[in-house]
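Now for the letters of each chain:
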Amino acid sequence: MGVVACVGAGSGSDGDAGRKPRPDPAATMTNQWAAPGGDHTEQRHSPLSQINASNVRDLGVAWFANLPERGGYQGTPLLVDGKLIVTTPWSKVYAFDAKSGRQLWKYDPKVPRELAGGVLCCNVANRGAAYWNGKIIWATLDGRLVAVNINDGSKVWESQTVDTTKALSITGAPRVGNGIVFIGQAGAEYLQRGYLSGWDAETGRKLWHWWTIPGNPAEGFADQPELEWAAKTWKGEWWKYGGGGTPWDGIVYDPETDLVIFGTGNGSPWPAGLRSPGGGDNLFVASIVALHARTGKYAWHYQTTPMDSFDYDNTSPFTVADLVIGGQKKHVVMQAPKNGLVYVIEAATGKVLSADLTVPGVNWLTGFDEKNNWKPIMNPDADPARTGKSWTVVPSQAHLWYPPAFNPQTGLLYLPTRFNSFTVVVEPDLAKSKQGIVMSGGQPSYAAPDLGTGPRAYLLAWDPVQRKAAWQSAEGSGSNGVLSTAGNLVFQGVGTNLLAFRADTGQKIWTAALGASVAAAFISYSIDGVQYLAGVGTLGGNAGGRVIVFKSGGNVELPPAPPVVQPVLNPPPDFGDAAMLAKGEQKYQQHCTICHEGRNTGGFPNLRTSPYLNSAAAFRAVVLDGALAEAGMLPFPKALNAEDAEAIRAHIVRLANTEGAGGAAGAGGARGSAAGGGRAGVAAGGARAGGSPDAGPRGGASAVDTRPVQQGGMGIFATGAPARAAGPGGQQDEINQIHQ
Ligand code: CA
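Residues numbered from 1 in each chain as written. Predicted model: local features only at pLDDT ≥ 70, side-chain atom pairs only at ≥ 80, totals over all residues. Heavy atoms only, no water.

Caption draft 1: Examining the overall build of the chain more closely. In terms of regular secondary structure, the chain is built from 10 helices and 45 strands. Nonlocal contacts in the chain, meaning residues at least 24 apart in sequence, comprise 63% of its contacts between residues at least 6 apart. Here the chain displays about 24300 Å² of accessible surface, and carbon together with sulfur accounts for 53% of that area. (Helix = DSSP H or I, 4+ residues; strand = E, 2+ residues; numbered from the N terminus. Contact = heavy atoms within 4.5 Å. Areas by Shrake-Rupley, 256 points an atom, 1.4 Å probe, with all protein chains shown as cover.)

Encoded structure:
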């Protein structure tokens, strides 16, 4: 009889066989935090108000835990059944007793450290786990979904979700709704084709797969009829490039409509004129897409940036809410992506209710065709493929993955916001890269647009009904997630501190030192009548992570963060002949710069200051043998040989000696000095200190590999804008940035 019940219930193998699945704690927001965004709405708003604007000063540390994994801590914790669940670099998961801080279990999915160089760009990061019916479910860097029992961390199921021969990886959190796990992947920078897939949360069985990009029409579109009309928005042989559109972060499951709504990444390669010569909107790159959750069938889409050429991933987090607009209740999904706008869209239909600029100077569009569901009217001058001229686009990465929050009481959406410019230049005969993008040392021959003297990074409180800012605070950050609580509070990490603002006015009312930078958002929960805040961040100097938990009256003293060792220039003398140096420069640009220079730097070291420059054997051990793989430097044994490694070393030594001779800013600063040469605004004493990662590749440039389809030697590359002055959020930008 027990056996019959076990089979009939169809529940998982987590020891609960025979029982009905437990109620979904993410169905509504409670004293737990049972989904990456708190609950399915992803409002990241806790209804708890024990901690409020009048007593927030009483908060102190209840407990903390330092974690050894090095890399990017980008995850929002979960709180279910009294357990605090934290994901770490290399896709590991820890469970703590949320009240005492006692570690309960740890799971290491053993992500292979020897992942081919080029699969990952540019951080060994994980943005969190989901919960379903007694299981913690998350995705690994190498593309697996893993489900473990929340009580003891024992594995329930595991499924590979990507073709491991392709340059695909996962850093985002899965979402679970209606018994289905939804997951995307990253890889649009590597000429890949994105998709969202749905998996049975109990068994890990694949249920469906939805391509974001049409394939070769010759193969037909039987499985996805919408791709037939999507293909009409492409020209040429785009499928040879993959096309991009990888959905690497924002996903929501909306129980009211039973839709899964997600964002797709940039087009691949970046310039639309290369992947789709002759134009076209290129569906479904840079889009919001809704699918029926059970079947994975298309419901609606809205393309935020047609013919994207600016790496305008539309993957920022989504927020579902009920708003009263024009006297009518509207069930909406909201998103503020990289392109500098904030969208309010009917969740059931995809009807755009509003699209508004959140930052000044946006110049890639000139307006909207409101009768055509707010299709953006593209600025024809911002199309280098058409004009053959460079264009400095604003913004660059206005809103990235840092999660926003929405407070239904104030009606405000709290958006980490930043802006800068980003130049796309047409140039012949650029270096090629297997990764599709090369960072090189070029500089635009003209000035970047004047973006004014105001702050370039701030916390923005946006009223989506009035369609205007309620307040903004430059004391807040453009690069850290947000927690909202019913105590009229907004919490955000800034630098290595945690700040609290009044939700209604933006007044900063509390600061606490964390000794770590928390890029993701804090969460709030209550156990035995006591409200807690919890977050996880990166210790300075890439020394690991730290979980920090606050409660009223907490009195645990945080140890000082490990000292950050400032890198110093100490290169050996120049060596190598002209041919070796030329080869070294080419290989460096092809394989190293995407992480170690410019735009995509994710806390990765400035190689000019690397002590490994002083030993050919040590350098080779890192580059070819993986001596620093555990720290996140993956080796390149297939792409490079010993001669290449030595040529790269010679090139970097030359860069370092040039810099040491006064060719650029001080130690650790001024990446890209080879050609960019000591740009104004790059501070000494820290790699791009104070700069925001979106500032573009300072002194760097990116190019697109045209080899796969022989585009005739024409490349297009992006180059940087001046670094902004140091300010709040600068240092953690360096640590947390990930380019996807
Ligand atoms: Ca991208």
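Caption draft 2: Just the packing of aromatic side chains, in detail. Scanning all chains against the criterion turns up 24 aromatic pairs. Centroid distance Tyr 312 to Trp 364: 5.7 Å. Interplanar angle 65°. Geometry classified as edge-to-face. Placement of Tyr 312 in the loop between β22 (298-303) and β23 (318-325) and of Trp 364 in the loop between β26 (352-357) and β27 (365-369) is noted, with a sequence separation of 52 residues between them. Each member of the pair Tyr 312 and Trp 364 is classed as buried. Ring geometry for Trp 401 against Tyr 402: centres 4.5 Å apart, planes inclined by 35°, an arrangement best described as tilted. Within the aromatic cluster, the residues linked to one another by ring pairs are Trp 210, Trp 229, Phe 262, Phe 284 and Tyr 298. We note Arg 193 situated over the ring of Trp 211; from NZ or CZ to the ring centre the distance is 3.8 Å. (Phe/Tyr/Trp six-rings, centres within 6.5 Å; stacked < 30°, edge-to-face > 60°. Buried < 20%, exposed > 50% of the residue type's maximum accessible area, 1.4 Å probe, protein only. Lys NZ or Arg CZ within 6 Å of the ring centre and 35° of its normal.)

Caption draft 3: Quick look at the pairing of strand β12 (residues 155-160). Relative to β12, strand β11 (residues 144-149) runs antiparallel, the two being bridged by five bridges. Looking at β12, one finds that Ala 147 is bridged to Trp 157. Between β11 and β12, which pair antiparallel and follow one another directly, the connecting turn spans five residues, one of which, Gly 153, has a positive phi of 75°. (Pairing = 2+ DSSP bridges.)

Caption draft 4: Examining the sheet that holds strand β38 (residues 497-502) more closely. What the five strands build is an open sheet, ordered β1-β36-β37-β38-β39; its pairing is mixed. For this open sheet the edge positions go to β1 (45-46) and β39 (508-513), each flanked by a neighbour on one side alone. Here strand β37 (residues 489-494) runs beside β38; their pairing, made up of six bridges, is antiparallel. Considered in β38, the bridge of Leu 489 is made with Arg 502.

Caption draft 5: Region of interest: unusual backbone geometry. Looking along the chain, the bond that leaves Ser 268 and enters Pro 269 is cis, with omega of -5°. Secondary-structure assignment places Pro 269 in the loop between β20 (267-268) and α3 (272-275). The linkage connecting Val 394 with the following residue, Pro 395, adopts the cis geometry, with an omega of 5°. Of note, Pro 395 is situated in the loop between β29 (391-393) and β30 (405-407). You will see that Leu 191, though not glycine, has its phi angle at about 60°, which is positive. Here Leu 191 shows up in the loop between β14 (180-183) and β15 (195-200).

Caption draft 6: Broad picture of the sheet that holds strand β13 (residues 175-177). With antiparallel pairing, the four strands of this open sheet are ordered in space as β13-β14-β15-β16. Edge positions in the open sheet fall to β13 and β16 (206-211), since each of these has one partner strand only. The sheet shows a mean angle of 20° between the axes of neighbouring strands, direction not considered. (Axes fitted to C-alpha atoms, helices over the stretch in contact; angles between N-to-C directions.)

Caption draft 7: Up close: the pattern of salt bridges. Tallied over the entire structure, the rule returns 24 salt bridges. A salt bridge links Arg 144 to Glu 158; the nearest nitrogen and oxygen atoms lie 3.3 Å apart. Of this pair, Arg 144 sits in strand β11 while Glu 158 sits in strand β12, and the two are 14 residues apart along the sequence. In this structure, a network of salt bridges that share partners links the residues Glu 69, Lys 92, Lys 106, Asp 108 and Lys 110. (Salt bridge = Lys/Arg side-chain N within 4 Å of Asp/Glu carboxyl O.)

Caption draft 8: Region of the structure containing helix α7 (residues 616-623). Among the residues of α7, Phe 619, Val 622 and Val 623 are the ones counted as buried. The buried side chains of α7 occupy one side of the element, clustering within an arc of 90° when seen end-on. (Arc of directions from axis to C-beta.)

Caption draft 9: Summary view of the pairing of strand β2 (residues 59-67). The buried fraction of β2 amounts to seven of the nine residues, a majority that puts the element mostly inside the structure. Pairing of β2 with strand β43 (residues 545-552) involves eight bridges; the strand directions are antiparallel. Bridge pairing in β43 places Phe 64 opposite Ile 548.

Caption draft 10: Focus on the side chain of Gln 74. When you line up the elements, Gln 74 lands in strand β3 (residues 72-76). A polar side-chain atom of Gln 74 sits 3.1 Å from a polar atom in the side chain of Arg 127. (Polar contact = N/O pair within 3.5 Å; in protein donor to acceptor, adjacent residues only side chain to side chain.)

Caption draft 11: Representation of the side chain of Asn 314 within the structure. Looking at where Asn 314 falls in the secondary structure, it is placed in the loop between β22 and β23. Apart from residues lying up to four places away in sequence, Asn 314 is in contact with Gly 263, Thr 264, Gly 265, Ala 286, Ser 287, Ile 288, Thr 304, Gln 335 and Pro 337.

Caption draft 12: Main features of the environment of Asn 339. With respect to the secondary-structure elements, Asn 339 resides in the loop between β24 (328-335) and β25 (341-346). As a C-alpha pair, Asn 339 and Val 393 span 54 residues in sequence and 9.8 Å in three-dimensional space. Among the polar contacts made by the side chain of Asn 339, one reaches the main-chain amide nitrogen of Leu 341 at a distance of 3.2 Å. Engagement of the side chain of Asn 339 in a polar contact is seen with the side chain of Tyr 343, the distance being 3.0 Å.

Caption draft 13: Layout of the nonpolar core. Ranked by internal contacts, the top residues of the largest apolar core, which has 47 residues, are Ile 261, Trp 300, Phe 310, Val 333, Met 334, Ile 345 and Trp 364. Looking at which element gives the most residues to this core, the answer is β25, with five residues. Among the nonpolar cores identified, the runner-up in size contains 39 residues, and Leu 59, Val 61, Val 549 and Leu 558 belong to it. (Core = buried A, V, L, I, M, F, W, Y, C linked by side-chain atoms within 4.5 Å.)

Caption draft 14: Examining helix α5 (residues 578-591) more closely. An ideal rise of 1.5 Å per residue puts 20 Å on 14 residues; α5 measures up with 20 Å between its terminal C-alpha atoms. Buried residues of α5: Leu 581, Gly 584, Lys 587, Tyr 588, Gln 589, Gln 590 and His 591, and no others. (Expected span 1.5 Å × (residues − 1).)

Caption draft 15: Main features of the environment of Glu 202. Along the polypeptide, Glu 202 turns up in the loop between β15 and β16. Take Glu 202: its relative accessible area is 12%, and that puts it in the buried class. Taking C-alpha positions, Glu 202 is 8.1 Å from Trp 157, a pair spaced 45 residues apart along the chain.

Caption draft 16: The arrangement of the confidence of the model for the chain in detail. Confidence in the prediction of the chain, expressed as mean pLDDT, is 83, and 80% of residues score 70 or more. Here residues 1-18 is modelled with pLDDT under 50, and outside its nearest four sequence neighbours on either side it reaches 23 contacts, counting other chains as well. Scored below 50 in pLDDT, residues 428-442 makes 68 contacts in the model with residues more than four places away or belonging to other chains. (pLDDT = per-residue confidence, 0-100.)

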